[in-house]
Amino acid sequence: RNEGPKSLAIALSAYGSIYVAICVFAGPDPPSFLFDAVAPGGWNRRIAGFLLWVHVVVSYAINSQAICSSIDRIFFHRVTILGLDHKDRIRWLVLTLILAVSSYIVANAVPFFKDLVALIGALTSVPLTLLMPAIYHRQRLGKPLWMPTKDSIPSYSLVIFSIIFLVAGLYGSVGSIG
């Protein structure tokens, strides 16, 4: 536990350094899909394709495990259909299958990857970076969420701004899909 902050600092420094290096090496006009920067044919393209596949598989595995664990912990463990509340492995199989099928449906319902990224960004960036911190701050101060007080106007304004920004972002990203 004591080494956690040091490990996180090292990981974030490495990630940030690699990101900056890629941005510098990509030049002023990089392709919108970074894989297009690799010349077609040859081993470089095959290795890049394999590494991209590994990245997608590992990212999906990590994220799906975290999401399924949270869903199971919050409510899915109470599902009594077919005795799932007592069959942990089968419940986990059903839950991961539901997540995989729903991910497949969403991925195929959105025609272009950039639109999917825009939709995910609209759904997550504002709530995670603006709305949730403002709500948690108001809760920590013991202030009601929808009632501004003299000493909580900044956090109340951030809640209102975040909701407006969230709706505008969703409207724009859904509009670009259609």
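Keep in mind it's a predicted model, so treat the numbers as computed, not measured. (Residues numbered from 1 in each chain as written. Predicted model: local features only at pLDDT ≥ 70, side-chain atom pairs only at ≥ 80, totals over all residues. Heavy atoms only, no water.)

### Section: the overall build of the protein
We count it as follows: Only DSSP runs of H or I reaching four residues or more are called helices, and only runs of E reaching two or more are called strands; each is numbered from the N terminus. Computation of the radius of gyration draws on C-alpha atoms, with the globule rule given as 2.2 Å multiplied by the number of residues to the power 0.38. Exposed residues in this analysis have more than 50% of their type's maximum accessible area, buried residues have under 20%, and partly exposed residues fall in between, with area computed by a 1.4 Å probe over protein chains only.
Helix and strand counts for the protein come out as five helices and zero strands. For the protein, the α and β elements follow one another from N to C terminus as α-α-α-α-α. Compactness check: the protein gives a C-alpha radius of gyration of 21 Å against a globular reference of 16 Å for 178 residues, more than 25% above the reference. Relative to its 178 residues, the protein shows a buried fraction of 15%.

### Overview of the side chain of Arg-138
Counted only if it meets this: Any two residues whose heavy atoms approach within 4.5 Å are treated as being in contact.
As for its position among the elements, Arg-138 is in helix H4 (residues 113-141). Filtering out sequence-adjacent residues up to four positions away, Arg-138 remains in contact with Lys-143, Pro-144, Leu-145, Met-147, Pro-148, Ser-152, Ser-155, Tyr-156 and Val-159.

### Section: the pattern of salt bridges
Heads up, the condition is: Salt bridges are counted wherever a side-chain nitrogen of Lys or Arg sits within 4 Å of a carboxyl oxygen of Asp or Glu.
Counted by the stated rule, this structure contains one salt bridge. With a shortest N-O distance of 2.7 Å, Arg-91 and Asp-72 are connected by a salt bridge. Here Asp-72 lies in helix H2 (residues 42-74) and Arg-91 lies in helix H3 (residues 88-109), a separation of 19 residues in the sequence. Residue Arg-91 shares its accessibility class with Asp-72, and that shared class is buried.

### Some points on the environment of Phe-76
Position of Phe-76 among the secondary structure elements: in the loop between H2 and H3. Leaving out residues up to four positions away in the same chain, Phe-76 has contacts with Ile-71, Arg-91, Val-94, Leu-95 and Ile-98.

### What about the packing of aromatic side chains?
Aromatic ring pairs are reported here in terms of the distance separating the ring centres and the angle at which the planes meet. Stated formally: Stacked, tilted and edge-to-face are the three classes assigned to paired rings of Phe, Tyr and Trp, where Trp is represented by its six-membered ring and a pair needs centres within 6.5 Å; plane angles under 30 degrees give stacked, over 60 edge-to-face, the rest tilted. A ring is scored as having a charge over it whenever the NZ atom of a lysine or the CZ atom of an arginine sits within 6 Å of its centre and within 35 degrees of its normal.
A full pass over the atoms with the stated rule returns two aromatic pairs. An angle of 10° between the planes, with centres 5.5 Å apart, marks the rings of Phe-161 and Phe-165 as stacked. One end of the pair is Phe-161 and the other is Phe-165, both in helix H5 (residues 153-177) and four residues apart, which spans about a single turn. Here Arg-46 stacks its cationic end above the ring of Trp-43, 5.4 Å away from the centre of that ring.

### Observations regarding H4
Where we set the bar: Multiply 1.5 Å by the residue count of a helix minus one, and that product is the helix's expected span. The angle separating two fitted axes, one through the seven residues that finish at a residue and one through the seven that start at it, defines the bend at that residue.
Relative to the 42 Å expected for 29 residues at 1.5 Å per residue, H4 spans 41 Å between its end C-alpha atoms, a close match to the ideal helical length. The sharpest bend along H4 reaches about 45° and sits at Pro-127. Where H4 is buried, its residues meet H3 and H5. Phi turns positive one or two residues past the end of H4, at Gly-142, with a value near 75°.

### A word on a nonpolar patch on the surface
Spelled out, the test is: Without a salt bridge and with relative accessible area above 30%, a residue can belong to a patch; like charges are then joined within 9 Å and nonpolar side chains (Val, Leu, Ile, Met, Phe, Trp, Tyr) within 5 Å. Note on areas: these come from Shrake-Rupley sampling with a 1.4 Å probe, and a residue is covered only by the protein chains present in the view.
On the surface, Trp-43, Ile-47, Phe-50, Leu-51, Trp-53 and Val-57 cluster together into a nonpolar patch covering about 710 Å² of accessible area. Its place among the elements puts Phe-50 in helix H2.

### Some details on the packing of H4 against H5
Stated formally: As a rule, the C-alpha atoms of each element are fitted with a line to give its axis, helices using only the stretch in contact, and angles between N-to-C directions run from 0 to 180 degrees. Note on terminology: angles under 35 degrees are roughly parallel, angles over 145 are roughly antiparallel, angles of 65 to 115 are roughly perpendicular, and the others are oblique. Residues are grouped as follows: Ala, Val, Leu, Ile, Met, Phe, Trp, Tyr, Cys and Pro are nonpolar; Asp, Glu, Lys and Arg are charged; all remaining types, including Gly, are polar.
Their axes nearest at 9 Å, the elements H4 and H5 cross at an angle of 170°. Of the possible angle classes, the one that applies to H4 and H5 is roughly antiparallel. In the contact of H4 with H5, the residues fall into 20 nonpolar, six polar and two charged.

### Section: the confidence of the model for the protein
Definition in use: Known as pLDDT, the predictor's per-residue confidence is scaled from 0 to 100.
Looking at the protein, the pLDDT average stands at 79 and 94% of residues meet or exceed 70. Predicted confidence in the protein is weakest over helix H1 (residues 4-26), with a mean pLDDT of 77, and strongest over H5, with 84.

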